[in-house]
Amino acid sequence: MKIPISKSVYTKEDMDSVLEPLKSGWVVQGPKVAEFESLWCEFTKAKFSIATTSCTSALFLCLEALDLHQDDEVIVPALSWVSTANIVENVGCKLVFCDIELSTFNLDTNDLQSKITDKTKAIIPVHLFGYPMDIDKIKSLITNNDIYIIEDSACGFGSYINENHVGLAGAFGCFSFHPRKAISTGEGGMITTDCEYFANKIRSLRNHGMNAADPSDKNANKPYALLDHDYAGYNFRMTDIQAALGSSQMKRANNILSSRQEVAKRYEEAFIDNELIGIPVSEKNHTHSFQSYACIYKPNEIRSALLSKDFHKLSSLSEERNSFMENLAEEGIGTRPVTHAIHMLSYFKEKYNINSEDFPNAWAANACGFSLPIFPDLSEEDQRVVIEVVTKYLK
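Residues numbered from 1 in each chain as written. Predicted model: local features only at pLDDT ≥ 70, side-chain atom pairs only at ≥ 80, totals over all residues. Heavy atoms only, no water.

### Some remarks on the packing of helix H1 (residues 12-24) against helix H8 (residues 240-250)
For clarity, the threshold we go by: In this description, a line fitted to the C-alpha atoms serves as the axis of each element, helices being fitted only across the stretch in contact, and the angle between N-to-C directions of two axes falls anywhere from 0 to 180 degrees. In DSSP terms, a helix is any run of H or I states spanning at least four residues, a strand is any run of E spanning at least two, and both are numbered starting from the N terminus. Two helices cross in a left-handed way if the nearer one is turned anticlockwise from the farther one by less than a right angle. They cross in a right-handed way if the turn is clockwise. Whether two residues are in contact is decided by their heavy atoms, any of which lying within 4.5 Å being enough. We call Asp, Glu, Lys and Arg charged. Ala, Val, Leu, Ile, Met, Phe, Trp, Tyr, Cys and Pro are nonpolar, and the rest, Gly among them, are polar.
In the contact formed by H1 and H8, the axes pass within 8 Å of each other and the chain directions differ by 145°. Remark: the crossing between H1 and H8 carries right-handed chirality. Residues Glu13, Asp14, Ser17, Val18, Pro21 and Leu22 of H1 pack against Asp240, Ile241, Ala244, Leu245, Ser248 and Gln249 of H8. Considered class by class, the residues forming the contact of H1 with H8 number six nonpolar, three polar and three charged.

Following this line, the structure appears as structure tokens:
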């Protein structure tokens with residue numbers, strides 16, 4: 001593609017930073033990981049930050065830390081990257097889907113209320129594409145103090161409600177450093193929490209279940225000393241090579257985020273009056289970080305089809321969306337569907353006997369959503385081309 005959907009942009013300083021752990025010889029979970037975690041705490045205002053191999057492993061560790069059982073239920077939105085649901089299956093709990101709001105792509109609290117039962121132990125809202133989900137709305141529905149909120153903040157770096165960064169309102173926040181994210185280490189994740197007990201437990205679980213060294217133990221530094229293990233843990237440790245790259249980017253994080261928001265602002269100015277394309281919503285006191293610029297094709301027609309339950313019309317609109325995306329591809333412009341309607345994937349559809357229309361908004365977003373190119377290095381000229389091609393097609 002001449003204009004890709006996304007592109008990682010690394011500076012000379014980023015590249016030089018990767019060499020530092022190689023030169024030092026300390027390449028796995030050492031001082032660079034500690035530095036990255038510290039910078040993450042400083043930026044988000046989290047009390048504790050724990051680096052992991054991915055956002056998927058971060059989510060998994062948070063569920064593992066809760067000591068859930070087979071009959072325990074975990075609620076996730078029907079629209080998200082598949083790992084949001086996979087980790088519930090991986091820990092052996094019962095997965096419960098909830099529909100989304102078509103305007104924000106985030107979990108629909110009206111549908112959520114009907115999904116909460118006595119067996120609900122965790123809810124995993126997703127700050128999808130960087131639009132912050134109001135966690136206080138979820139908390140207002142919870143009367144059981146045993147229900148934990150794990151914020152899937154994979155796309156949420158730089159997203160705020162008022163002055164509060166996402167990932168801090170629940171028990172945990174989980175972030176991603178995949179190449180499409182604002183801060184990228186290739187693969188990698190981060191957990192935020194304000195609970196010291198959970199922070200210590202997760203640090204142990206990510207490192208084979210190993211205990212932390214006791215500073216009062218006089219034998220801790222003896223050549224024969226080995227630390228005890230309280231858990232059957234995992235190897236979900238970030239490398240110092242990745243952390244060095246992450247730390248380097250964190251030092252210019254505000255510039256990275258503002259450049260994405262500038263791209264989003266130009267799109268908004270171009271499309272805000274075009275009824276054939278539904279662009280990301282803007283809400284007072286919400287700061288969208290625009291990990292993706294996720295849109296809906298012909299939103300008014302989609303809402304009409306959903307209201308009348310005309311699913312044949314929805315399928316027809318999906319075919320139109322596909323033709324639209326193919327046209328952009330022919331013009332050298334990268335697009336992609338917004339993400340999965342997870343309940344429509346074979347594994348979940350068959351295991352839980354789900355129909356596509358059981359979660360109609362997620363189905364519609366899957367069928368008619370698309371993302372436009374957005375990344376810090378996207379030039380105004382290339383973006384002008386994208387806007388012209390989209391506008392011409394929609395006419």
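Continuing now.
### What to know about unusual backbone geometry
This is how the line gets drawn: When accessible area is computed with a 1.4 Å probe and restricted to protein chains, residues below 20% of their type maximum are described as buried, those above 50% as exposed, and intermediate ones as partly exposed.
Positive phi is not limited to glycine here, since Asn162 has a value of about 55°. The backbone of Asn285 sits at a positive phi, close to 70°, despite the residue not being glycine. Structurally, Asn285 is set in the loop between strand E10 (277-278) and strand E11 (286-287). Residue classification places Asn285 among the partly exposed residues on the basis of a relative accessible area of 44%.

### Concerning the side chain of Ser17
Heads up, the condition is: Throughout this description, a polar contact denotes any pair of N or O atoms lying within 3.5 Å of each other; where both atoms belong to protein, one of them has to be capable of donating a hydrogen while the other can accept it, and for residues adjacent in sequence the pair is counted only when both atoms sit in side chains.
When you line up the elements, Ser17 lands in helix H1. Residue class for Ser17 comes out buried when judged on its relative accessible area of 7%. At 2.5 Å, the side chain of Ser17 and the backbone oxygen of Asp14 are in polar contact. For Ser17, the residues in contact, after removing those within four places along its chain, are Ala244, Leu245 and Ser248.

### A look at the environment of Ser24
Counting through the fold element by element, Ser24 comes out in helix H1. Of the polar contacts made by the side chain of Ser24, one reaches the backbone oxygen of Pro21; its length is 3.0 Å.

### Looking at the pattern of salt bridges
Once the charged atoms of two side chains with opposite charge are near each other, the side chains can pair. As a reminder, the rule being used: Any Lys or Arg side-chain nitrogen located within 4 Å of an Asp or Glu carboxyl oxygen qualifies as a salt bridge.
The full count for this structure, using the stated rule, is 16 salt bridges. For Lys7, the salt bridge goes to Asp377, with nearest N and O atoms at 3.6 Å. Remark: Asp377 occurs in the loop between strand E13 (369-372) and helix H14 (380-394) and Lys7 occurs in the segment before H1; sequence separation between them is 370 residues. Residue Lys7 is classed as partly exposed on the basis of its relative accessible area of 39%. Overlapping salt bridges bring together Glu20, Lys32, Glu35 and Lys251 as one network.

By themselves, these observations are geometric and do not establish any function.
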